[in-house]
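# Residue-level structural notes
If you want the building blocks of each chain, they are given just below.
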Amino acid sequence: MNAAVSPHIFEVDQSNFETEVLEASLTTPVLVDFWATWCGPCKSLGPLLEKLAVEYNGAFRLGKVDVDQNQELAGVFGIRSIPTVILVKDGQILDGFAGALPEGQLRQFLTRHLEPLADEFEQEPEEIAPESPEQAINRLQQEIAADPNRPELKLDLAIALAHAGQAAAAETELDALPANLATDARAVRLRSQLNLARSLEGTPPMEVLQQRLHANPQDWEAHDLLGVRLLLGNDPAAGLEHWLLVLEKARDWNDGQAKKRLLAAFNTLDDAELVGRYRRRMASLLF
């Protein structure tokens, strides 16, 4: 799909970025998709973004940046992996994400910032419930069966399997990825998550670890394991705090385990601000 099909979709390069993205975002938000022709995940994300641009009917415009043709522009925004998508509003970057999100998560991302503008006689689309990991697994398995020559779908499947708690199956899919996808940022992040999860096998549950710390605040093993559980759960910052404490109080414990955990965690997290903040704190303790 392109501008000939929809006026809400256009190609971006250095010559029109200032006017069509920065200046235009003062009146209409602009979603900028950094992609490349060789990028497998881009091939699944691009059509979804184009579909939503048409559906939202002018609530935002979709600008597409081919990073191979616009390396300087990609460098300005520090694009480290593709696809990467940023939302520009009022001349500023408002939000963004990296990787090929499924349609349900894309809709959630857009809903946080804008609403579709329906045609006069067009009924607004019904809200779609977020896709569960099990639903994603079923959908991806069907897509792979229908089109086995799209290896990016296998990475999506590995991620869905991990989210469903099927770590062994997720690792099997990761091991089968071609070399170009094995080094994809999402694949590296997932493998790090699986390695951390494996370290919890046969270890006490969170409640027991908390009791151990209450009885002995210098139980460094309890701090370490609780850090992993929190990182992989819903409170990664709290997990990082446990390792920083061990690094500060018992740096050499278990052959420098706290530093190793922090470095592994940084590869696991998809939150640049959080990672940057804790990298600085770790550096302040080490140097």
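Whatever comes next refers back to the structure up there.
Residues numbered from 1 in each chain as written. Predicted model: local features only at pLDDT ≥ 70, side-chain atom pairs only at ≥ 80, totals over all residues. Heavy atoms only, no water.

## Notes on the packing of helix H12 (residues 236-249) against helix H13 (residues 257-268)
Where we set the bar: Under this scheme, a helix contributes an axis fitted over its contacting stretch, all axes are lines through C-alpha atoms, and angles between N-to-C directions fall in the 0 to 180 degree range. Each helix corresponds to a stretch of at least 4 residues labelled H or I by DSSP, and each strand to a stretch of at least 2 residues labelled E; elements are numbered beginning at the N terminus. Roughly parallel here means an angle under 35 degrees, roughly antiparallel means over 145, roughly perpendicular means 65 to 115, and every remaining angle is called oblique. Here a crossing is taken to be left-handed if its near helix is turned anticlockwise relative to the far helix by less than a right angle, and right-handed if that turn runs clockwise. Contact between two residues is taken to exist if any of their heavy atoms lie within 4.5 Å; hydrogens are not considered.
The interhelical angle for the contact between H12 and H13, taken along N-to-C directions, is 150°, at an axis separation of 8 Å. One way to sum up the angle between H12 and H13 is to call them roughly antiparallel. The interaxial crossing formed by H12 with H13 has left-handed handedness. Taking contact as the criterion, the partners of Leu240, Trp243, Leu244, Val246 and Leu247 in H12 are, on H13, Ala258, Lys259, Arg261, Leu262, Ala265 and Phe266.

## Digging into helix H4 (residues 103-111)
This is how it is decided: Whether a residue is buried, partly exposed or exposed follows from its accessible area with a 1.4 Å probe, protein chains only, as a fraction of its type maximum: under 20%, in between, or over 50%, in that order.
All of the buried residues in H4 are Gly104, Leu106, Arg107, Phe109 and Leu110. Buried residues in H4 make contact with strand S2 (30-35), helix H2 (40-56), strand S4 (84-89) and strand S5 (92-98).

## Some remarks on the layout of surface pockets
To keep things clear, this is the line we draw: Every definition here rests on a 1 Å grid over the protein atoms only: cavities are sets of points where a 1.4 Å probe fits but cannot get out, pockets are open sets enclosed by protein on both sides within 12 Å along at least five of seven lines, and lining residues have some atom within 4 Å of a point. Grid points are joined across faces, edges and corners, and a volume is the space filled by probe spheres set on the points.
For the largest pocket, the calculated volume is near 1,300 Å³. Lining the largest pocket are 46 residues, and of these Leu101, Gln105, Ile159, His163 and Gln193 sit closest to its centre. Taken together, the elements giving at least two residues each to the lining of the largest pocket come down to H2, S5, H4, helix H5 (133-146), helix H6 (151-163), helix H9 (185-198) and helix H11 (220-232). Put simply, the second largest pocket is a space of about 800 Å³. Considering the residues around the second largest pocket, the lining is formed by 24 residues, among which Arg80, Ser81, Ala98, Asp270 and Ala272 are closest to the centre. Those elements that provide at least two residues to the lining of the second largest pocket are S4, S5, H9, H13 and helix H14 (272-286).

## Topic: the side chain of Asp156
As for its position among the elements, Asp156 is in helix H6. With residues up to four places along the chain from it excluded, the contact list for Asp156 reads Ser44, Ala100, Leu140 and Arg186.

## Points about unusual backbone geometry
Going from Ile82 to Pro83, the amide bond is cis rather than trans, its omega being 0°. In this fold, Pro83 is placed in the loop between helix H3 (71-76) and S4. Positive phi, close to 60°, is recorded for Asp255, a residue that is not glycine. When you line up the elements, Asp255 lands in the loop between H12 and H13.

## Observations regarding the pairing of S5
What counts, and what does not: DSSP bridges decide pairing: two strands pair if at least two such bridges lie between them.
Here S4 runs beside S5; their pairing, made up of 6 bridges, is antiparallel. Considered in S5, the bridge of Leu87 is made with Asp95. Turn length for the S4-S5 hairpin, with the two strands adjacent in sequence and antiparallel, is 2 residues, and the turn residue Asp90 shows positive phi of about 55°.

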